[in-house]
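# Structural overview
Chain residues, written in single-letter form:
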Amino acid sequence: MSSTPHTEPHVPSSDPGRERVWYVSYGSNMHLDRLMAYIAGGRPPGSSRDHPGCRDRRPPEVSRAVELPGALYFATESALWTGGRAFYDPAADGLLYARAHLVTRGQFSDIAAQEMYRAPGTDLDLTAVVRDGRARLGPGRYETLVCPGLLDGLPLLTFTAPWRLADVALNPPAGAYLRHLGAGLMETAAWGEAAVSAYLAARPGALGHWTAERVARLLAR
């Protein structure tokens, strides 16, 4: 990126229930078409699962490319894509390329609920995650909330697994999944094809199984 959006270190908030937050997507929801299935309801292309959507079905107010400390890695097995899923370890060495969508607290709560295979409709209590930077809501693979910092004074929020990168077996991602992640990153126009290809190929789980050249061929399809 030629200029990285400003992100401040995590600080406790006096208003953890603030209405607007940044939903940080680092996996398939970087692609706006797929994200809208979680917001407006429906079935994303290639999926076998219908999403009920959010109570508030408006699209994000704005979406911004962000670079955050930590590592994207691939682990477990995706029933949809086959191969490893994307996870985020904010404590690991590295830099995360992601997309921050400005949504309401209710929308973030409903998106998170659908990723956690829960019914949407209840606002999450964000007090702990905004105060501490991390809050575990359950044992599931996307049931741990993370707040890696602030952007324009609003909390950056995402969800990931409860384990750390060093504690899990890595699993290479499928080509279709990498192509989808790459398309979402390139949709921002913040990174070019070469940068996106090199980034994805070097992530733990993909490294040693994918090269930048092979990922670039996926993105050119």
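Preceding this section is the structure that the text describes.
Residues numbered from 1 in each chain as written. Predicted model: local features only at pLDDT ≥ 70, side-chain atom pairs only at ≥ 80, totals over all residues. Heavy atoms only, no water.

So, about the overall build of the protein. Assigned secondary structure in the protein consists of six helices and eight strands. Along the protein, from the amino end to the carboxyl end, the secondary structure elements read β-α-β-β-β-β-α-α-β-β-β-α-α-α. Since a compact globule built from 221 residues should have a radius of gyration of about 17 Å, the 16 Å found for the protein is in line with a globular shape. For the protein, the residues scored as buried account for 52% of the 221 residues in total. Long-range contacts, defined as pairs at least 24 residues apart, comprise 67% of the intrachain contacts of the protein with a sequence gap of at least 6. Accessible area of the protein: about 9400 Å², with a carbon and sulfur share of 52%. One finds the centroid of the 23 positive side-chain charges in the protein at a distance of 5 Å from the centroid of its 22 negative side-chain charges. (Helix = DSSP H or I, 4+ residues; strand = E, 2+ residues; numbered from the N terminus. Rg over C-alpha atoms; globule rule 2.2 N^0.38 Å. Buried < 20%, exposed > 50% of the residue type's maximum accessible area, 1.4 Å probe, protein only. Contact = heavy atoms within 4.5 Å. Areas by Shrake-Rupley, 256 points an atom, 1.4 Å probe, with all protein chains shown as cover. Lys, Arg positive; Asp, Glu negative; His and termini not counted. Charge placed at Lys NZ, Arg CZ, Asp CG, Glu CD.)

For the rest of this paragraph, the subject is helix α1 (residues 32-40). Residues of α1 that are buried: R34, L35, A37, Y38 and I39. Check the buried side of α1 and you find it contacts β1 (20-25), β5 (95-104), α2 (105-115) and α4 (175-187). At the exit of α1 stands G41, carrying a positive phi of roughly 90°.

A separate point is the packing of α4 against helix α5 (residues 193-201). For any two helices packed against each other, one specifies the inter-axial angle together with the distance between the axes. With their axes 10 Å apart at the nearest point, α4 and α5 run at an angle of 135° to one another. What the angle tells us is that α4 and α5 run oblique. The two elements α4 and α5 cross, and the hand of that crossing is right-handed. Each of L178, L181, G182, L185 and M186 in α4 lies in contact with α5, whose residues at this interface are E193, V196, Y199 and L200. Grouping the constituent residues of the contact of α4 with α5 by class yields seven nonpolar, one polar and one charged. (Axes fitted to C-alpha atoms, helices over the stretch in contact; angles between N-to-C directions. Parallel < 35°, antiparallel > 145°, perpendicular 65-115°, else oblique. Left-handed = near helix turned anticlockwise from the far one by under 90°. Nonpolar A, V, L, I, M, F, W, Y, C, P; charged D, E, K, R; others polar.)

Turning to the nonpolar core, a few remarks are in order. Among the nonpolar cores identified, the biggest contains 63 residues, and F108, L126 and L200 are the most heavily contacted of them. Counting residues per element, this core draws most heavily on β5, at six residues. (Core = buried A, V, L, I, M, F, W, Y, C linked by side-chain atoms within 4.5 Å.)

Side chains carrying opposite charge are able to pair once their charged atoms draw close together. By the definition in use, this model includes 11 salt bridges. Residue R55 is joined to D110 by a salt bridge in which the shortest nitrogen-to-oxygen separation is 2.9 Å. Note that R55 is positioned in the loop between α1 and β2 (63-69) and D110 in helix α2, a separation of 55 residues in sequence. D123 is the salt-bridge partner of R105, the closest N and O atoms lying 3.3 Å from each other. One end of the pair, R105, is in helix α2; the other, D123, is in the loop between α2 and α3 (127-132), and 18 residues separate them in sequence. A relative accessible area of 34% means that D123 is categorised as partly exposed. By sharing partners, the salt bridges in this structure join R55, R105, D110 and D123 into a single network. (Salt bridge = Lys/Arg side-chain N within 4 Å of Asp/Glu carboxyl O.)

Taking 1.5 Å per residue, 13 residues should reach 18 Å; α4 reaches 18 Å between its end C-alpha atoms and fits that length. For α4, the full list of buried residues reads G175, Y177, L178, H180, L181, G182, G184 and L185. Looking at the buried side of α4, the elements it contacts are α1, β3 (71-75), β4 (85-89), β5, α5 and α6 (212-219). Just downstream of α4, A189 is the residue with a positive phi angle, here 65°. (Expected span 1.5 Å × (residues − 1).)

Worth remembering: the numbers are spatial, not functional.
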